[in-house]
Amino acid sequence: VTLHHFTTPRWVAQAGGWTEPETAALFERYAGRVASHLGDEVGRWCTINEPNMVATIGYLVGQFPPGLRNRNLRDKANEVFVDAHRRAVSAVKAQSSAPVGLTLAMQQVEVVAEPGDDEGRAAAEARGARALAGLEDPFLAAATGDDFIGVQTYTRERFGPDGRLGGEAGVPLTSMGYEFWPEALEHCIRRAWDVTNHTPIVVTENGISTADDTE
């Protein structure tokens, strides 16, 4: 059972949404109410599906509600989501003995620089690290010590000294336009394992978008 999968009630959004700290307390009450009704009939609980995508695409990229483009608001949403997750874990565990965790959208970050260009490589690494610092790191920290973390991975992101790069020549693309790069799954599993200090992992999403069933 996933308690929040991208959809937020309009009345919560009008009260400030995921940049309003009170939303975490409301989510705690909601999680406890759901758990009190479903209890041990649930085999595994997910508090929030991909909170990093809701925060980043909604408050920084502007493609999810509320459609904003503000890094400070994205970072605030990250904080509120982390608080909501931690509160929800406690609320659910008070009602259910089933494992509780969250799911996280993760991508392999690959650094690209010319051979011998130490300065360029350092710049590319800084770009990649900055992306991970906003997208993944707060939630990997929040998941540390949970019953599990759900890893959701589809592809990789390539970074050069000047920022994100497009796909690599010769690497096929899925029908959604991202690289077919199954190796990203192993990378993200290992990163989640290391950063969360060996929190158990469930691969909760993985695959490709294609019209060809043989793929």
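Each remark here, short or long, concerns the structure printed above.
Residues numbered from 1 in each chain as written. Predicted model: local features only at pLDDT ≥ 70, side-chain atom pairs only at ≥ 80, totals over all residues. Heavy atoms only, no water.

**As for the nonpolar core**
Counting residues in hydrophobic clusters, the biggest one holds 35 residues, and the most contacted among them are Trp18 and Trp45. Listing elements by their share of this core, those giving two or more residues are α2 (22–38), β2 (45–49), α3 (51–61), α4 (71–93), β3 (100–111), α6 (137–143), β4 (148–160) and α7 (183–195). Take this core: its biggest share by element is nine residues, from α4. (Core = buried A, V, L, I, M, F, W, Y, C linked by side-chain atoms within 4.5 Å. Buried < 20%, exposed > 50% of the residue type's maximum accessible area, 1.4 Å probe, protein only. Helix = DSSP H or I, 4+ residues; strand = E, 2+ residues; numbered from the N terminus.)

**What about the packing of α2 against α4?**
Contact geometry of α2 with α4 gives a least axis separation of 8 Å together with a crossing angle of 30 degrees. Taken as axis vectors, α2 and α4 run roughly parallel relative to one another. The chirality of how α2 crosses α4 is right-handed. Residues Thr23, Ala24, Ala25, Phe27, Glu28, Ala31, Gly32 and Ala35 of α2 touch α4, and the partners they reach there are Val80, Asp83, Ala84, Arg87, Ala88, Ala91 and Val92. (Axes fitted to C-alpha atoms, helices over the stretch in contact; angles between N-to-C directions. Parallel < 35°, antiparallel > 145°, perpendicular 65-115°, else oblique. Left-handed = near helix turned anticlockwise from the far one by under 90°. Contact = heavy atoms within 4.5 Å.)

**Observations regarding the packing of α3 against α4**
Between α3 and α4, the shortest axis-to-axis distance is 8 Å and the interhelical angle comes to 155 degrees. In terms of their interaxial angle, α3 and α4 are classed as roughly antiparallel. Of the two possible hands of crossing, α3 and α4 adopt the one that is right-handed. Where α3 approaches α4, its residues Pro51, Val54, Ala55, Thr56, Tyr59 and Leu60 are matched on the opposing element by Arg71, Leu73, Arg74, Ala77, Asn78 and Phe81. Along the lines of polarity and charge, the residues of the contact of α3 with α4 split into eight nonpolar, two polar and two charged. (Nonpolar A, V, L, I, M, F, W, Y, C, P; charged D, E, K, R; others polar.)

By themselves, these are just geometric observations and shouldn't be taken as functional.
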